[in-house]
2 protein chains.
Amino acid sequence: MTAGLREQKKDATRRALHAAALQLVADRGLDGVTVDDIAAQADVSPRTFFNYFPTKDDAVVGLDPRHSGRLAEAVRARPGAETPVQAVRAVLLDQAREMARDPQLWPLRLQVVDAHPVLAARLSAVFGDAERALTAVLAERTGTRADADALPGLLAAVQGAVMRTALHRWLASGFTADLPALVDEGFDLVTAGFPATPA
Amino acid sequence: MTAGLREQKKDATRRALHAAALQLVADRGLDGVTVDDIAAQADVSPRTFFNYFPTKDDAVVGLDPRHSGRLAEAVRARPGAETPVQAVRAVLLDQAREMARDPQLWPLRLQVVDAHPVLAARLSAVFGDAERALTAVLAERTGTRADADALPGLLAAVQGAVMRTALHRWLASGFTADLPALVDEGFDLVTAGFPATPA
DNA sequence: CACCGAAGTTGCAGGATCTGCAAGTTCCGC
DNA sequence: GCGGAACTTGCAGATCCTGCAACTTCGGTG
């Protein structure tokens, strides 16, 4: 089942590079760290670094392109009886719980990303990929064409907005808030159509 | 009113650089164009290029950082009687009309950006800045703290989602669709809370 | 109108990023 | 074992981007 030794090593190296990049940048700032530093920390040659990540920035963010497909696949796997919003909401809650599990990884990532606009852009690109894949799956589910119906693309984009907002508020709370709860709150507001003033 | 000759020249140079970057990249692709090419096309030295844009990518996207504040300012200027959603919707419609006015600039921009994920990330960063500024203004309007109330941040993010989706659908239509109408459609869906299936 | 400070342009040197290429080394299946 | 595939590595080189120091141009002032 688990792939050969080769695969394991690759995964390990990838994680080592990401961990090194994240930690070093957290300590010294993005400009205080070179690719050579990261490679040295992970015990590979500088040239090998680029076999794993096309860019220093990508190593810091550290999210596979294959990660982009996970969201869409998870939504596809939801029971067909659910409405698109219900399906997306359920999946996002799962992901939020997953992210909150490791008390180090995502908090550190978010702090670092927040401190460097360039990295925020990179992270947005990853989200964008995920949203594009999700759009296709939602179009399947609703049986419409993605270019005729606005719903798939819009829901995919709004889902990203909810998640980004939740992550930002999580960060702002010093990671004391409950991430899934923040996601829930976001979906409540959205599905209520942004009530004027519930005052 | 209009600033001195100096300001005019700066604006002209900036526009020339952006236009050159956009056109060259549209023709040859992002990797087929160097900063030297762009500078030459705009009749300035390569070194001067970096007095205007911190990055080649930024020159291609060509949006000021000061552009980021315009959205927020426009919302601040809306009558206080409007709900946040109404105010944001009105401003976004204005911007959509503005973007659709020049039949060349935004279409070319969007095509180029769509063809190069790196540029999409850059554009996302600009949107992100605008959203952050908007969050602050919305928090003012609702009289809440942006970190206690989810609405300002979420509405700012969702607004971005609506606009991005509209732009994407505009692009997909080959720019035959009506951009303001696409924005309207997006807001209708959002304020309806994503109705299950209006079938 | 002559002059001075501020603002803008330019060239140069240099560090860092990233890519192709051509070895070497390690793993997997037969 | 052994042959091919996969991975690592070094090297050369193009490009990006930055600091610095000169030079040129603009805008105001007496």
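Owing to the predicted nature of the structure, the values given are computational and were not obtained by experimental measurement.

Q: Can you walk me through the side chain of A:Gln95 in this structure?
A: All names here are of chain A. Turning to its location among the elements, Gln-95 is positioned in helix α6 (residues 84-101). We classify Gln-95 as buried; its relative accessible area is 15%. Contacts of Gln-95, omitting those with residues within four sequence positions, involve Arg-70, Leu-71 and Met-163.

Q: Sorry if this is basic, but what is going on with the domain arrangement of chain A here?
A: One frequently used descriptor of interface size is the decrease in accessible area upon assembly of the parts. All names here are of chain A. Along its sequence, chain A is carved into domain 1 (5-58) and domain 2 (66-191). Using only C-alpha atoms to locate each centre, domain 1 and domain 2 end up separated by 26 Å. Contact with domain 1, which involves twelve residues of that partner, is made by nine residues of domain 2. Across the interface of domain 1 and domain 2, roughly 880 Å² is buried in total on both sides, 67% from carbon and sulfur atoms. Of all residues in domain 1, Leu-22, Leu-30 and Asp-57 bury the most surface against domain 2, accounting for 51% of the area lost on that side. On inspection of domain 1 and its partner domain 2, the count reaches two salt bridges.

Q: Please explain the protein's contact with DNA strand C as it appears in this structure.
A: Inspection of the region around DNA strand C gives 20 residues, with A:Leu5, A:Arg6, A:Arg47, B:Arg6 and B:Thr48 positioned closest. Close to the protein, within 4 Å, the atoms of DNA strand C belong to sugar or phosphate groups at a rate of 58%. A:Val35 is positioned with one of its backbone polar atoms (N or O) 3.2 Å from a phosphate oxygen of DNA strand C. Take A:Thr55: an N or O atom from its side chain is 3.4 Å from a phosphate oxygen of DNA strand C. For the surface near DNA strand C, the elements supplying multiple residues, two or more each, are α1 (5-28) and α3 (46-52) of chain A together with α1 (5-28) and α3 (46-52) of chain B. Broken down by element, the residue count for the surface near DNA strand C peaks at four residues, all from α3(B). For the surface near DNA strand C, a count of residues per class yields seven nonpolar, six polar and seven charged.

Q: In this structure, what is going on with the interface of chain B and chain A? I would like to understand it.
A: Opposite the 29 residues of chain B that make contact, chain A presents 31 residues. Summed over both partners, the interface of chain B with chain A buries about 2600 Å², with 73% contributed by carbon and sulfur atoms. When residues of chain B are sorted by the area they lose upon contact with chain A, B:Leu154, B:Arg169 and B:Phe194 head the list and together hold 24% of the total. Here chain B is connected to chain A by zero salt bridges. Taken together, the connections running from chain B to chain A amount to two residue pairs in polar contact (both at pLDDT 80 or more).

Q: I would appreciate a short explanation of the packing of aromatic side chains in the present structure.
A: Using the criterion set out here, one finds six aromatic pairs over all chains in the structure. Ring plane angle 45 degrees and centroid distance 6.2 Å describe the contact between A:Phe49 and A:Phe53, whose orientation is recorded as tilted. Residue classification places A:Phe53 among the buried positions, given a relative accessible area of 3%. Here B:Phe49 and B:Phe50 contribute two aromatic rings whose centre-to-centre distance is 5.0 Å and whose plane-to-plane angle is 80 degrees, an arrangement assigned as edge-to-face. According to the relative accessible area criterion, B:Phe50 is partly exposed, its value standing at 40%. Taking NZ or CZ as reference, A:Arg109 lies 4.7 Å from the ring centre of A:Trp106, over its face.

Analysis parameters
- Residues numbered from 1 in each chain as written.
- Chains lettered and ligands numbered in written order.
- Predicted model: local features only at pLDDT ≥ 70, side-chain atom pairs only at ≥ 80, totals over all residues.
- Heavy atoms only, no water.
- Helix = DSSP H or I, 4+ residues; strand = E, 2+ residues; numbered from the N terminus.
- Buried < 20%, exposed > 50% of the residue type's maximum accessible area, 1.4 Å probe, protein only.
- Contact = heavy atoms within 4.5 Å.
- Domains from an automatic or database assignment.
- Buried area = accessible area lost by both parts, 1.4 Å probe.
- Salt bridge = Lys/Arg side-chain N within 4 Å of Asp/Glu carboxyl O.
- Near = heavy atom within 4 Å.
- Polar contact = N/O pair within 3.5 Å; in protein donor to acceptor, adjacent residues only side chain to side chain.
- Nonpolar A, V, L, I, M, F, W, Y, C, P; charged D, E, K, R; others polar.
- Phe/Tyr/Trp six-rings, centres within 6.5 Å; stacked < 30°, edge-to-face > 60°.
- Lys NZ or Arg CZ within 6 Å of the ring centre and 35° of its normal.

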